[in-house]
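Residues per chain, in single letters:
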Amino acid sequence: MTSTSSNSHSGHTRDEAILAGLGYKQEFRRQFTPLEVFGVAFSIVGLLPSIASVLFNAMPNGGPSAMVWGWVFASVFIMCIGLAMAELASAAPTSGGLYYWTHSLASPRCRNFLSWIVGYANTITSIAGLASVDWACAVQITAAVSIASNQVYVTTNAQIYGIFAALVLSHAVLVSLGTQILARLQRLYILLNVCLCFVVIIALPIATPSEFRNSATYALGDFTNFNGWPSGFAFILSLLAPLWTIGGYDSSVHMSEEASNATTAIPWAIVGSIAISAALGWGINVTLAFCMGSDLEGILNSPIGQPMAQIFYNSFGQKGALALWSLVIVAQYMMGSSCLLVGSRQTFAFARDGGLPFSRYFYRINSYTRTPVNTVWLDAFLALAMGLLAFASTQAINAIFTLGVTSSYVSYITPIVTRFAFKNDFKPGPFNLGKFSFPVAAIAVLWMVFMNIVFFFPTTPQTNVQEMNYTVVVLGGFMGLAVFWYYCPVYGGVHWFNGPVSNIASADKGRDDESASEKTGKEQGVDVLIVDA
């Protein structure tokens, strides 16, 4: 027991020394083990509920072929992005992550502006992630009610928004709790998500009646195109499903200051969550393709209002579908809590460096829970505001799914490019790709640029104001405001924002009140552990 405690303390001291080398004092409790850090990333992926949330995108843009082979195709590029991100995370594990890396690697002439843009892109990613996950959860809850009423119940956007608001507020309460509680919950999240995957992969083929079973020719080769785009472009549009599902892999980065052995735990959490999600997700999609029947239009337009819920209803019947769907809702709810957990840490880090309005207010740690309660509630209220898009049109609220991908890609592309485009003293951490670093990064960046352009296109070639893709409006508007505020005369960030700001000085000032013996011990610990790992 003593040895374990000693090793844990040594690891935490080493993590604190590395963080001090990046310019920050330790403010959170490091109570997330490597498994629990992986749990954060894996629970945000939330395979089964996530696939359910975006199945409406894959099915009309290729049907079973898009579901099965689109998943494989996209997973290769997702892994390239994850590997490039993992290298950066291993070198500089801090909650600021993306905007911190951008500032430290870019040219002094543009690093403040680029860091500012990445900070705001990452902020809107966090908010859109929470909003999209909780909106999908609200839709899933109404689908459960529809199943229970034998598809008699039909919901309205106002009712869905009410459920959505309750979910967001409950998550804000949950994520305001202490770090240890939040860390231990990740183990439960891992267990439930993995069990759900295997339940569907094993039980769905067994339960599906013969009339809904598809042949291998259909499941692996049929291409269904309902939206009117050329087949090749429709297939590319269907990739939103895997890209949104296996997304948010920067989530573990934002937990860096609460994780033990962060230089190795964070990058492996990124890579591990992508690899396991890609494998299990493909298994789920293959299973669905074999067991969903061939009436895709009927599934998409069913009274239940949720394609996967309809598939479960057809296969398991009312009671079986309701039981399994209830677990899907629980897993989706867990996703929402993880999204807010991670987003609040990123917002806290950006406020710490003065990037947000009223940063002094938001850069606060609750003395009791040792969590950033103020930024938790800030993110929650901004997500509630984003959810109001539902009252514009269905396409407007659906834009939060593509917004989560496009805004995240803006914040991913920038630090990866700055690493190679500018002269800097980048020093790889324990996780590095060696000579493969540049090729992998180049593939990742080109892919993200291409997909960002694609995701600004509307669902169908013929569109109108109600049916247009609002992603470009929301992202363009938000980022436009960020640029305006940066260059605003007198008050703009260009006059005062200097990127990540060290707070070590304040920590040193606090230590002046300690005894001489305590000072010596701490100084010796830092002197030893600041040496390259």
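Anything mentioned here points back to the structure above.
Residues numbered from 1 in each chain as written. Predicted model: local features only at pLDDT ≥ 70, side-chain atom pairs only at ≥ 80, totals over all residues. Heavy atoms only, no water.

S.K.: Explain the environment of Gly62 here, please?
M.R.: Following the sequence through the fold, Gly62 ends up in strand 1 (residues 61-62). For Gly62, a relative accessible area of 0% gives the class buried. Along the backbone, Gly62 and Asn225 are 163 residues apart, and their C-alpha atoms lie at a distance of 5.3 Å. If near-sequence neighbours (up to four positions away) are discounted, Gly62 is found in contact with Asp222, Phe223 and Thr224. (Helix = DSSP H or I, 4+ residues; strand = E, 2+ residues; numbered from the N terminus. Buried < 20%, exposed > 50% of the residue type's maximum accessible area, 1.4 Å probe, protein only. Contact = heavy atoms within 4.5 Å.)

S.K.: I keep staring at the side chain of Gln332 and nothing clicks. Help me out?
M.R.: Within the secondary structure, Gln332 is located in helix 14 (residues 307-352). The class of Gln332 is buried, set by a relative accessible area of 0%. Among the polar contacts made by the side chain of Gln332, one reaches the side chain of Ser53 at a distance of 3.5 Å. Once you skip the residues sitting within four places of it in the chain, Gln332 turns out to touch Pro49, Ser50, Ser53, Val133, Ala136, Cys137 and Gln140. (Polar contact = N/O pair within 3.5 Å; in protein donor to acceptor, adjacent residues only side chain to side chain.)

S.K.: Whenever I open this one, the nonpolar core confuses me. Can you help?
M.R.: Across soluble globular proteins, you tend to see nonpolar side chains buried next to one another. Within the largest apolar cluster, 158 residues are counted, with the highest numbers of intra-cluster contacts made by Trp101, Leu243, Trp325 and Tyr409. With 20 residues, helix 14 is the single largest residue contributor to this core. The residues contacting Trp325, other than those within four sequence positions of it, are Ala52, Gln140, Ala143, Ala144, Ile147, Gln306, Met308, Ala309 and Phe312. (Core = buried A, V, L, I, M, F, W, Y, C linked by side-chain atoms within 4.5 Å.)

S.K.: So what exactly am I meant to see when it comes to the packing of aromatic side chains here?
M.R.: For any pair of aromatic rings, geometry is given as the distance between the ring centres together with the angle between the planes. Applying the stated criterion across every chain, the model contains 35 aromatic pairs. Measuring from ring centre to ring centre gives 4.1 Å for Phe77 and Trp447, while their planes differ by 10°; the resulting arrangement is stacked. Taken as a pair, Phe77 in helix 4 (residues 63-91) and Trp447 in helix 18 (residues 437-454) lie far apart in primary sequence, 370 residues in all. Residue Phe77 shares its accessibility class with Trp447, and that shared class is buried. Taken together, a centroid distance of 5.0 Å and an interplanar angle of 85° make the contact between Tyr486 and Tyr487 edge-to-face. Given the relative accessible area of 48%, Tyr487 is considered partly exposed. Grouped by ring-pair contacts, the aromatic residues Tyr99, Phe113, Trp116, Tyr120, Phe350, Phe478, Trp485, Tyr486, Tyr487, Trp496 and Phe497 constitute a single cluster. (Phe/Tyr/Trp six-rings, centres within 6.5 Å; stacked < 30°, edge-to-face > 60°.)

S.K.: Teacher, can you tell me more about unusual backbone geometry here?
M.R.: Generally, phi is negative for residues other than glycine and the peptide bonds are trans, each holding for most cases. Positive phi outside glycine occurs at Phe358, with the angle close to 60°. Of note in the backbone geometry, Val490 takes a positive phi value of approximately 70° without being a glycine. Relative to the elements of secondary structure, Val490 occurs in the loop between helix 19 (471-487) and helix 20 (504-511).

S.K.: Help me understand the layout of surface pockets, please; the structure alone is not making it clear to me.
M.R.: The gaps of empty space that remain are located by a probe, the size of a water molecule, rolled over the atoms. For the largest pocket, the calculated volume is near 1,200 Å³. Phe56, Asn57, Thr394, Gln395 and Asn398 are, among the 46 residues lining the largest pocket, the residues nearest its centre. Going through the elements one at a time, helix 3 (47-58), helix 6 (111-148), helix 7 (157-175), helix 13 (296-300) and helix 17 (394-421) are the ones with two or more residues in the lining of the largest pocket. With seven residues, helix 17 is the single largest residue contributor to the lining of the largest pocket. Tallied by class, the residues present in the lining of the largest pocket amount to 26 nonpolar, 19 polar and one charged. (1 Å grid on protein atoms, 1.4 Å probe; cavity = no way out; pocket = protein on both sides within 12 Å on 5 of 7 lines; lining within 4 Å. Points joined across faces, edges and corners; volume = space filled by probe spheres on them. Nonpolar A, V, L, I, M, F, W, Y, C, P; charged D, E, K, R; others polar.)

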